[in-house]
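Now for the letters of each chain:
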Amino acid sequence: MSTLAPLRLLREPSNASEGNQSNATVGASGGWCQGLDIPNELFLALGLVSLVENLLVVAAILKNRNLHSPTYYFICCLAVSDMLVSISNLAEMLFMLLLEHGVLVMSPSIVRHMDSVIDMLICSSVVSSLSFLGVIAVDRYITIFYALRYHSIMTLQRAVVTMASVWLASTVSSTVLITYYRSNTILLCLIGFFLFMLVLMLVLYIHMFALARHHLHSISSQQKPPTAHRGGSLKGAVTLTILLGVFFICWGPFFFHLILIVTCPTNPFCTCFFSYFNLFLILIICNSVIDPLIYAFRSQELRRTLREVVTCSC
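Because the structure is predicted, anything quoted here is derived from the model rather than measured.

Cut-offs and rules
All chains use their own residue numbering, which begins from 1 and follows the written sequence. Reporting in this predicted model follows two pLDDT cut-offs: at least 70 for local features of residues, and 80 or more for side-chain atom pairs to be given and counted; totals over whole chains, interfaces and linings ignore these cut-offs and use all residues. Only hydrogens and water are set aside when side-chain values are computed; all heavy atoms of the structure are taken into account. By definition, any uninterrupted DSSP run of H or I lasting at least four residues is a helix, any uninterrupted run of E lasting at least two residues is a strand, and each is numbered from the N terminus. A simple rule labels every residue: compare its accessible area, found with a 1.4 Å probe on the protein chains alone, to the largest value its type can have, and call it buried under 20%, exposed over 50%, or partly exposed in between. For this analysis, residues touch if any pair of their heavy atoms sits within 4.5 Å. Per-residue accessibility takes into account occlusion by the displayed protein chains alone, with areas from the Shrake-Rupley method and a 1.4 Å probe. Aromatic contacts are taken between Phe, Tyr and Trp rings whose centres are within 6.5 Å, Trp giving its six-membered ring; a plane angle under 30 degrees counts as stacked, one over 60 as edge-to-face, and the others as tilted. Simply put, an axis is a line fit to the C-alpha atoms, just over the touching stretch for a helix, and the angle between two N-to-C directions goes from 0 to 180 degrees. Oblique is the label for any angle not covered by the other classes, which are roughly parallel (under 35 degrees), roughly antiparallel (over 145) and roughly perpendicular (65 to 115). Note on convention: the crossing is left-handed when the near helix lies turned anticlockwise from the far helix by less than a right angle, right-handed when the turn is clockwise. Ten residue types, Ala, Val, Leu, Ile, Met, Phe, Trp, Tyr, Cys and Pro, are classed as nonpolar, four, Asp, Glu, Lys and Arg, as charged, and the remainder, Gly among them, as polar. Any helix carries an expected span of 1.5 Å times its number of residues minus one. UniProt positions are given in the numbering used here, feature names are shortened, and annotations may be inferred rather than shown by experiment. Pairs of cysteine sulfur atoms within 2.5 Å are identified as disulfides in what follows. Two N or O atoms count as a polar contact when they lie within 3.5 Å, although within protein this holds only if one can serve as hydrogen donor and the other as acceptor, and sequence-adjacent residues are included solely when both atoms are side-chain atoms. A pairing counts as a salt bridge when a side-chain nitrogen of Lys or Arg comes within 4 Å of a carboxyl oxygen of Asp or Glu.

Engineer: With reference to specific residues and values, describe the overall build of the protein.
Structural biologist: When helices and strands are tallied, the protein shows 12 helices and 0 strands. Listing each helix as α and each strand as β along the protein from the N terminus yields α-α-α-α-α-α-α-α-α-α-α-α. Taking all 314 residues of the protein together, the buried fraction comes to 46%. The long-range share in the protein, meaning contacts at least 24 apart out of those at least 6 apart in sequence, stands at 83%. Of the roughly 15700 Å² of accessible surface on the protein, 68% is carried by carbon and sulfur atoms.

Next comes the structure, spelled out in structure tokens:
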């Protein structure tokens with residue numbers, strides 16, 4: 001049984017004929033081209049862990065008034081995006097298991113409709129996750145380079161508009177992607193968006209670390225202890241860098257898969273790479289599992305609140 005309905009749509013290139021794909025598969029059927037047989041239980045387990053972790057992050061941010069700031073609201077939205085990955089995975093798994101065992105009987109048209117709904121959920125989470133990582137990076141950049149003007153630049157109203165815009169754009173783009181997923185133009189737009197956001201965040205982080213390094217050298221030469229604000233800013237930049245690295249490792253193979261679909265759908269090597277699609281899906285779900293752990297261990301305030309939420313203390 002396959003997993004993650006929307007990504008399953010992109011498992012194989014649609015612009016290659018069935019005969020060409022079959023020939024390519026035969027030509028590339030070496031020992032390492034057999035792919036991986038990942039049990040459904042692993043998908044379910046990771047989905048449940050991710051769902052619980054991200055629910056705790058959202059609950060902690062809502063509970064603690066000290067975390068009611070634009071930065072943590074953006075982190076909360078990112079956690080919601082990760083939850084969408086888990087929910088769509090669990091929903092599709094349950095849906096297909098019920099169909100396979102005859103517990104649920106539906107007409108083909110209803111099954112396609114349900115698939116489309118799950119497709120929109122996962123595709124929206126892809127776009128929104130990447131968008132909120134970019135938004136958080138910009139927010140941290142403003143915090144470091146425009147510290148005195150931060151509250152006038154990043155107001156609560158602007159933060160709400162930003163969040164609403166990201167969710168709206170994610171919903172619209174996911175609808176377009178699901179409708180025209182067989183178009184190489186749509187895939188190129190998705191790949192281009194991924195690369196643009198990566199470049200944007202890398203540029204921001206390099207600038208932030210360059211400034212932090214300059215401050216550390218200045219402080220060292222003057223033999224003064226670092227200020228708490230600069231130390232917190234550097235810690236925040238490190239946290240975001242870790243998030244970016246995790247996102248790249250977890251999502252990179254999938255986007256490389258999309259690139260190969262566009263550039264070499266019938267090449268034996270590319271066909272061999274396609275056989276590892278389930279591994280790419282596991283990495284995607286792992287991203288939503290790892291993100292909350294990073295928040296908990298990098299933010300002392302959030303870590304304390306998470307303990308309170310878990311222990312149900314007031």
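Engineer: So, the packing of aromatic side chains: which residues are in play, and what are the values?
Structural biologist: Enumeration according to the criterion identifies 8 aromatic pairs in this entry. Between Phe-254 and Phe-255, the ring centres sit 5.6 Å apart and the planes meet at 75°, which makes this aromatic pair edge-to-face. For Phe-254, a relative accessible area of 2% corresponds to the buried category. Classification of Phe-255 by relative accessible area gives buried; the value is 3%.

Engineer: Give me the packing of helix α4 (residues 70–100) against helix α7 (residues 156–179): which residues, what numbers.
Structural biologist: For any two helices packed against each other, the geometry is given by the interaxial angle and the distance between the axes. Packing of α4 against α7 leaves a shortest axis separation of 10 Å and a crossing angle of 20°. For the element pair α4 / α7, the angle class is roughly parallel. By crossing handedness, the relation of α4 to α7 is classed as right-handed. Of the residues in α7, those touching α4 at Pro-70, Tyr-73, Phe-74, Cys-77, Val-80, Ser-81 and Leu-84 are Leu-156, Ala-159, Thr-162, Met-163 and Trp-167. Broken down by class, the residue content of the contact of α4 with α7 amounts to 10 nonpolar, 2 polar and no charged.

Engineer: An account of α7 is requested, with residue identities and associated values reported.
Structural biologist: For α7, built from 24 residues, the straight-helix expectation of 34 Å at 1.5 Å per residue is met to within 8% by its first-to-last C-alpha distance of 35 Å. All of the buried residues in α7 are Ala-159, Met-163, Val-166, Ser-170, Ser-174, Leu-177 and Ile-178.

Engineer: So what's going on with the UniProt feature "transmembrane region" (unreviewed entry) in the protein? Which residues, and what values?
Structural biologist: If you check UniProt for "transmembrane region" (unreviewed entry), the listed places come out as residues 42–62, 74–97, 117–138, 159–179, 185–212, 233–261 and 273–297 in our numbering. Span residues 42–62 is 100% helix and 0% strand, its end C-alpha atoms 30 Å apart. Along residues 117–138 the backbone is 100% helical and 0% strand, and the end-to-end C-alpha distance reaches 31 Å.

Engineer: Hey, could you go over the state of the cysteines for me, with residue numbers and the actual values?
Structural biologist: Inspection of the entire model under this criterion finds 1 disulfide. Just so you know, Cys-76 is unpaired, no disulfide at all, and the nearest cysteine sulfur is the one on Cys-77, 5.9 Å from it. Not engaged in a disulfide, the cysteine Cys-250 finds its nearest cysteine sulfur in Cys-286; these two sulfurs lie 6.1 Å apart. Residue classification places Cys-250 among the buried positions, given a relative accessible area of 4%.

Engineer: Describe the environment of Val-246, listing the residues and the values that go with them.
Structural biologist: The residue Val-246 is located in helix α9 (residues 228–263) in this model. Placed 44 residues apart in sequence, Val-246 and Ile-290 show a C-alpha to C-alpha distance of 7.8 Å. Apart from residues lying up to four places away in sequence, Val-246 is in contact with Asn-287, Ile-290, Asp-291 and Ile-294.

Engineer: For the side chain of Ser-288, give the residues involved together with the corresponding values.
Structural biologist: Following the sequence through the fold, Ser-288 ends up in helix α11 (residues 277–298). Of the polar contacts made by the side chain of Ser-288, one reaches the side chain of Ser-50; its length is 2.8 Å.

Engineer: I'd like a description of the pattern of salt bridges, backed by residues and values.
Structural biologist: On inspection of all chains with the given rule, the structure shows 2 salt bridges. Of the charged contacts, one joins Glu-301 and Arg-304 as a salt bridge, the two residues approaching to 2.7 Å between their closest N and O atoms. Placement of the pair is Glu-301 and Arg-304 together in helix α12 (residues 300–311), with a separation of 3 residues, close to one helical turn. Overall, the relative accessible area of 26% leaves Glu-301 in the partly exposed class. As a salt-bridge pair, Arg-304 and Glu-308 come within 2.7 Å of each other at their nearest N and O atoms. With a gap of 4 residues between them, Arg-304 and Glu-308 both fall in helix α12, about one helical turn apart. By relative accessible area, which is 32% here, Arg-304 ends up partly exposed. Each of Glu-301, Arg-304 and Glu-308 takes part in salt bridges that share partners, so that together they form one network.

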